[in-house]
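Observations on chain architecture
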Amino acid sequence: KTNNLEDPFKNMNVFKNSKILVCNNDEKKYWKKITKLKNYEIAGFPRLNDDWKKYRSRFDIDIKEKHDSILLLLGKYNYVGLSEIMTIIENVFAFTKNHFTNIIIKPHPRNINNARIFEFADSLDIKYQISKNSVFYESQKSMVMISTSKSGACMDAVFNNCPVLE
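Parameters and conventions
- Residues numbered from 1 in each chain as written.
- Predicted model: local features only at pLDDT ≥ 70, side-chain atom pairs only at ≥ 80, totals over all residues.
- Heavy atoms only, no water.
- Buried < 20%, exposed > 50% of the residue type's maximum accessible area, 1.4 Å probe, protein only.
- Helix = DSSP H or I, 4+ residues; strand = E, 2+ residues; numbered from the N terminus.
- Arc of directions from axis to C-beta.
- Contact = heavy atoms within 4.5 Å.
- Pairing = 2+ DSSP bridges.
- Right-handed = clockwise from strand over helix to strand, strands pointing away.
- Axes fitted to C-alpha atoms, helices over the stretch in contact; angles between N-to-C directions.
- Parallel < 35°, antiparallel > 145°, perpendicular 65-115°, else oblique.
- Left-handed = near helix turned anticlockwise from the far one by under 90°.
- Phe/Tyr/Trp six-rings, centres within 6.5 Å; stacked < 30°, edge-to-face > 60°.
- Polar contact = N/O pair within 3.5 Å; in protein donor to acceptor, adjacent residues only side chain to side chain.

1. Some points on helix 5 (residues 114–123)
Of the residues making up helix 5, those classed as buried are Asn 114, Ile 117, Phe 118, Phe 120 and Ala 121. Take helix 5 and look down its axis: the buried residues cluster within an arc of 155 degrees, on one side only. Opposite the buried face of helix 5, by more than 90 degrees, sit the exposed residues Glu 119 and Ser 123. The inward-facing, buried residues of helix 5 contact strand 3 (69–74), helix 3 (77–80), helix 4 (82–99), strand 4 (102–107) and strand 5 (129–130).

If you want it as structure tokens, here you go:
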């Protein structure tokens, strides 16, 4: 796939001396291709730190229901493309129709056109729920999480022993 993301900082001179925090060298290379910013710092993966795990563990839920849901994490459309996300939704819904599985959709909080996605999902005539909870919470009651793009939120699911398809 080609990267269609434009430099989000190109018209904002205020950011020219800013530092971009990235998780690893892969992300650093990715952002260097897109932006003209030169100052990067590898911050690592905070979700792997013991302090983060202790903090998140305070929010464990008492699971009385089965782990029978698929958690569908929708990434930002400009990373993946709206048509690609619709194809993924269509495939996941087709699977669940045949296997009587619940779907929990967790949209990216900064997607500006979620209504189009949900209109499309409604047209497929499959019941689903839209989550306002965290990925950490929803992954505790899911048998698998499917992420449409690279996301640090996948680590919350892994921490809860919920396999992730990225």
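On we go.
2. Regarding the pairing of strand 2 (residues 39–42)
Where strand 1 (residues 19–22) meets strand 2, four bridges bridge the pair, whose relative direction is parallel. Each residue of the ladder has a partner; that of Val 22, found in strand 2, is Ile 42. Read from strand 1 through helix 1 (residues 25–34) to strand 2, the crossover connection turns out right-handed.

3. Regarding the packing of helix 4 against helix 5
Close contact between helix 4 and helix 5 brings their axes to 10 Å; oriented N to C, the two are set at 30 degrees. Regarding the angle of helix 4 to helix 5, the classification is roughly parallel. Helix-helix and strand crossings are classified by hand; for helix 4 and helix 5 the assignment is right-handed. Across from Leu 82, Ile 85, Met 86, Ile 89, Glu 90 and Phe 93 in helix 4, the residues of helix 5 making contact are Arg 116, Ile 117, Phe 120 and Ala 121.

4. Some details on the sheet that holds strand 7 (residues 164–165)
With parallel pairing, five strands are arranged side by side in an open sheet as 5-4-3-6-7. Only two strands of the sheet have a single partner each, and these edge strands are strand 5 and strand 7. Two elements, strand 3 and strand 4, share six bridges in a ladder whose sense is parallel. Opposite Ile 70, over in strand 4, you have Ile 103 as the bridge partner. Along the sheet face, helix 4 touches strand 3, strand 4 and strand 6 (142–147) and points at about 175 degrees away from the line of strand 3.

5. Overview of the packing of aromatic side chains
Scanning the entire structure with this criterion turns up two aromatic pairs. Ring geometry for Phe 93 and Tyr 128: centres 5.7 Å apart, planes at 45 degrees, overall tilted. Of this pair, Phe 93 sits in helix 4 while Tyr 128 sits in the loop between helix 5 and strand 5, and the two are 35 residues apart along the sequence. Using a relative accessible area of 2% as the deciding quantity, one classes Phe 93 as buried. Ring centres of Phe 118 and Tyr 128 lie 6.2 Å apart, and the angle between their planes is 15 degrees; on these two criteria the pair is classed as stacked. Here the residue Phe 118 occupies a position in helix 5, and Tyr 128 occupies one in the loop between helix 5 and strand 5, the gap between them amounting to ten residues. Using a relative accessible area of 13% as the deciding quantity, one classes Phe 118 as buried. One aromatic cluster in this structure is built from Phe 93, Phe 118 and Tyr 128.

6. Here's the deal with the side chain of Lys 106
Along the chain, Lys 106 falls in strand 4. A distance of 2.9 Å separates the side chain of Lys 106 from the backbone oxygen of Asn 133, its partner in a polar contact. Residues contacting Lys 106, with those up to four places away along its chain left out, are Leu 71, Leu 72, Leu 73, Leu 74, Ser 131, Lys 132, Asn 133 and Val 135.

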